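Reading the structure
Residues per chain are reported as follows:
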Amino acid sequence: MRRLRLALMTTACLVPGFLVPAAQSAVAATRPAQVPVPSGARIAAVDVSGNQRIDASTIRSYILLQPGDAFSARRMDLSLKTLYATGLFKTVSITRQGDDLMVRVRENPIVNQVFFEGNSVVKDKDMSGAIGLKSGSVFTPAEAAAATKEILALYATHGHYSATVEPEIVKLPENRVNVVFNCHDGSETLISRINFIGNHEYGQTKLREVISSRQDAWYRFLSDSDQYNPERVKYDESLLSRFYFHHGYADFKIISATAQLAPDRKSFYLTFVVDEGPRYRIGSVQVVSALRNLPGKQLRPLVPIEKGDIFDGDALQTTDTAISDYVQNKGYAFAQVEPDVKENKKTHTIALTFRVIEGPRVYVNNVSISGNTRTEDSVIRREIELAPGDAYNEQAVKESKDNLENLGFFKKKDISIKPVPTDQPDEVNLDVALAEQATGQFSLGGGYSTDLGALVNVGLSQNNFLGTGIDTSISALLAQKGTQFNLGVTNPYFLGRNLIAGFDLFRTDTYNTTSYVFSERSIGGDVRLGFRYNQHVSQAFTYTLSTRDIYNIATGASLYILNEQGSSSLSQLGTSLTFDYRNDRLDPTSGGLLSLSTDLAGLGGSAKYIRLQARGAYYIPLARYFGSKAWVLEFDGHVGDLIDIEGYKSLIADRFFLGGDSLLGFQTGGAGPHDTLYGDSLGGKFIWTQDTVLHFPLPVSPDLGVSGFAFTDIGSLSGVSPLTVNGKTLGLYDNAAPRISAGVGVAWNTPFGLIDLSFAQPIKKYKYDQIEQFRVSFGTRF
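Every value quoted in this text rests on a predicted model; they were computed, and no experiment measured them. (Residues numbered from 1 in each chain as written. Predicted model: local features only at pLDDT ≥ 70, side-chain atom pairs only at ≥ 80, totals over all residues. Heavy atoms only, no water.)

Summing up its helical and strand segments, the chain has 14 helices and 37 strands in all. For 782 residues, the compact-globule estimate of 2.2 N^0.38 gives 28 Å, and the chain exceeds it by more than 25% at 38 Å. Over its C-alpha atoms, taken along the principal directions, the chain stretches across nearly 140 × 70 × 55 Å. Buried positions account for 40% of the 782 residues belonging to the chain. Surface exposure of the chain reaches about 40300 Å², of which carbon and sulfur atoms provide 56%. The distance from the centre of the 76 positive side-chain charges to the centre of the 82 negative ones in the chain is 5 Å. (Helix = DSSP H or I, 4+ residues; strand = E, 2+ residues; numbered from the N terminus. Rg over C-alpha atoms; globule rule 2.2 N^0.38 Å. Buried < 20%, exposed > 50% of the residue type's maximum accessible area, 1.4 Å probe, protein only. Areas by Shrake-Rupley, 256 points an atom, 1.4 Å probe, with all protein chains shown as cover. Lys, Arg positive; Asp, Glu negative; His and termini not counted. Charge placed at Lys NZ, Arg CZ, Asp CG, Glu CD.)

Dropping the structure here:
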């Protein structure tokens, strides 16, 4: 009777259907303690029942009591917890029945399929990859709750913090279930307000321009900068710190950066609490060198900071790089630059000392690469500035990382180059880790330009063809006033050497328009070979073979034009030498560019001439005077000369034309030599232009990508030989005097392309010149 009462009490502690969470502690906390089982009796058998999929022997392996063992309440309790901890069972009971140990289980169901309903912002495959519930896995309420949490986290990364997810369980035969996550995307949770507290020197508007997060506005429908993103907020903190350091606030601190979700979960309030601190000026500057035969006085001109200047944190990095590059080029491979910044909090000045020392002699033992699933190792290694046996150098590591980022083959945030110690104290291994990204691009564009009219552009490119680093592209431009087709292939490291080789196949048609009274077609190809002397100087050679056709000449066109109707052939070898010292090749704000080129036509073909050209540009940043990097003064120049050889007389297809983009205020080809009878533009053999452009910001949000520019253009075109027909020389207006124009414009850099609107007024023009005051260009890419 006593044994029966004990069995009933043990069973009462474990009522069937009681759901226990996965955590073992929860089981112990929710179940009353079992009545101790009298020791001494031995277990005759362990009986398992209720299992369907899981073998009884597997269940017995989790039981801490086996036949022959003495009954133990503590070990029965531990066995119970162990079975629950597997996550395989919904309920478990362990009881004693006579000399047998009875184990009763109810298995958790198996997931048959997982479905997602109502979601459009987050794709099914992204949800499926984020959650742990899969087809064939064991279902538990805890797993469903965890999956719901992961899906909501995905919505958060897309800026939808108001999204809701409800799991629905559909029971099936054989203890299986379908799990359906019913999703409601909700609206985007945007940043409705950004506030700064503690700022005194700079207002709310200025600081909002400094950070990358933006307040919600109607024109940001193409941007995600107004979506709350914790990682972006961290980046904003670094932008604020850099801004204040750049303007002399060496003690600047960010006290906190918090994002508060509105009660309706539809917007965020982003608040930065800052401590600006005092503004510092430079009290003294010196360079102390411990390098032999390289005194600090020799390095001092490399420091762009003088006593009395406002402290500039960016200038520290600039100076560090400049001195490091200089001393390493002098042969001091292990030299290091250590800036020493000493603040005087009473006078708010900084004593700045750059110490140049001989660092430890460390060499590169090996370079290992991981993460490249498609790109060949050789493509990556040629971008690494260090090879086994080289002296280890931090600057070279930084340049190597920049090289890999500029390739565009890998995700920037996943590129890392780290030195790893070896068994030898003077050696390190370089561990290069990266992650591939898509390098193919399909582009479809549409728009309008003054020269071509309405246009459509279609292109397909692959910057890393078969992982070899070869750039391939094919494109087509269809417009009212012309068409263009191009196929190009470029190998940036031809034969594994510092050679850029490639070829192009092209066809270009320009139709009869108001600018020209004829149509022109060019079909052919070219082969290119280039060489980089260093990061600034390069040279290229190009051989071009093409046919040119002048056709569809307008009725009443000049005899100068009619005389050139028909086909000609071009076999040309050209070379160009480029010196590029711009700080940015896409959007330069400082530095300069100079390109010298020579073309020789006459290696076969009907055209025979020498063309000499020089182009240059120089950029002067004005941010120091106006407080914005958008203020830039740009000077551009171009001079070209076409020299006929072997008795050849240049054709319209060979000559230069002035106007349009080369001289705003005049039509394309509208300035320069003209026929006196019909006023047709004839082009010229000698050209020179000079443009001065002032770029400046407009009083609108920088997020719009709108900027202004004011310009003056000056240029001249001349050098056409008169045409004699039947002993009579035809009229020709060829005036080499310069044409001058000035104007203003607006540039809008949109996600679909660049829109330029300009108004120019000719200041100096001559007879027959054709005017064009308004000019627009509009291209898109998406």
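Before going further, it helps to spend a moment on the environment of Thr 689. With respect to the element layout, Thr 689 can be found in strand β29 (residues 686-697). As for Thr 689 and Phe 196, which are separated by 493 residues in sequence, their C-alpha atoms are 49 Å apart. Residues in contact with Thr 689, not counting those within four places in the same chain, are Asp 636, Gly 637, His 638, Leu 658, Ser 662, Ile 714 and Gly 715. (Contact = heavy atoms within 4.5 Å.)

Moving on, we get to the sheet that holds strand β15 (residues 427-433). A sheet is described by the order of its strands in space; here 3 strands give the open sequence β13-β15-β14, paired in mixed fashion. The open sheet terminates on both sides in strands that have one partner only, identified here as β13 (363-370) and β14 (416-421). Between one strand axis and the next, the sheet turns through 25 degrees on average, direction left out of account. Two elements, β14 and β15, share 6 bridges in a ladder whose sense is antiparallel. Bridging from a neighbouring strand, Ile 417 pairs with Val 432 of β15. (Pairing = 2+ DSSP bridges. Axes fitted to C-alpha atoms, helices over the stretch in contact; angles between N-to-C directions.)

This paragraph deals with the sheet that holds strand β4 (residues 110-117). The strand order across the open sheet built from 3 strands is β4-β6-β5, with neighbouring strands paired in mixed fashion. One side of each edge strand has no neighbouring strand; the edge strands of this open sheet are β4 and β5 (164-172). Geometrically, the sheet is characterised by an average inter-axis angle of 20 degrees between neighbouring strands, direction not taken into account. Bridge analysis of β4 against strand β6 (residues 176-184) gives 7 bridges, and the strand direction is parallel. Within β6, the position partnered with Glu 117 by the bridge is Asn 182.

Tallying each qualifying case throughout the model produces 28 salt bridges. The partner of Lys 345 in a salt bridge is Asp 251, with the nearest N and O atoms 3.2 Å apart. Highlighted residues: Lys 345 in the loop between β11 (335-344) and β12 (349-358) and Asp 251 in the loop between α8 (230-246) and β8 (253-261), separated in sequence by 94 residues. Exposure remark for Lys 345: the relative accessible area of 53% places this residue in the exposed category. Owing to a relative accessible area of 21%, Asp 251 belongs among the partly exposed residues under this scheme. Residues Asp 526 and Arg 528 are paired through a salt bridge, measuring 3.6 Å at the closest nitrogen-oxygen approach. Looking at Asp 526, the relative accessible area reads 14%, which means it is buried. (Salt bridge = Lys/Arg side-chain N within 4 Å of Asp/Glu carboxyl O.)

On to the side chain of Asp 312, then. On the secondary structure map, Asp 312 appears in the loop between α9 (296-299) and α10 (313-329). Although Asp 312 lies buried, it forms no salt bridge, and the closest oppositely charged side chain, Arg 242, sits 7.6 Å away as judged by the N-O distance. Within polar-contact distance, the side chain of Asp 312 engages the backbone nitrogen of Asp 314 at 2.9 Å. Not counting residues up to four positions away in its chain, the partners in contact with Asp 312 are Phe 245 and His 246. (Polar contact = N/O pair within 3.5 Å; in protein donor to acceptor, adjacent residues only side chain to side chain.)

Grouped together as the largest cluster of nonpolar side chains are 22 residues, with contacts concentrated most on Ile 323, Val 327, Phe 354 and Val 356. Going through the elements one at a time, β10 (281-289), α10, β11 and β12 are the ones with two or more residues in this core. Aside from chain neighbours lying at most four places away, what touches Val 356 is Val 287, Val 288, Ser 289, Ala 290, Leu 291, Leu 299, Ile 323, Val 327, Gln 336 and Val 337. Counting residues in each nonpolar core, the second largest holds 21 residues, with Val 233, Phe 243, Tyr 249 and Leu 270 among its members. (Core = buried A, V, L, I, M, F, W, Y, C linked by side-chain atoms within 4.5 Å.)

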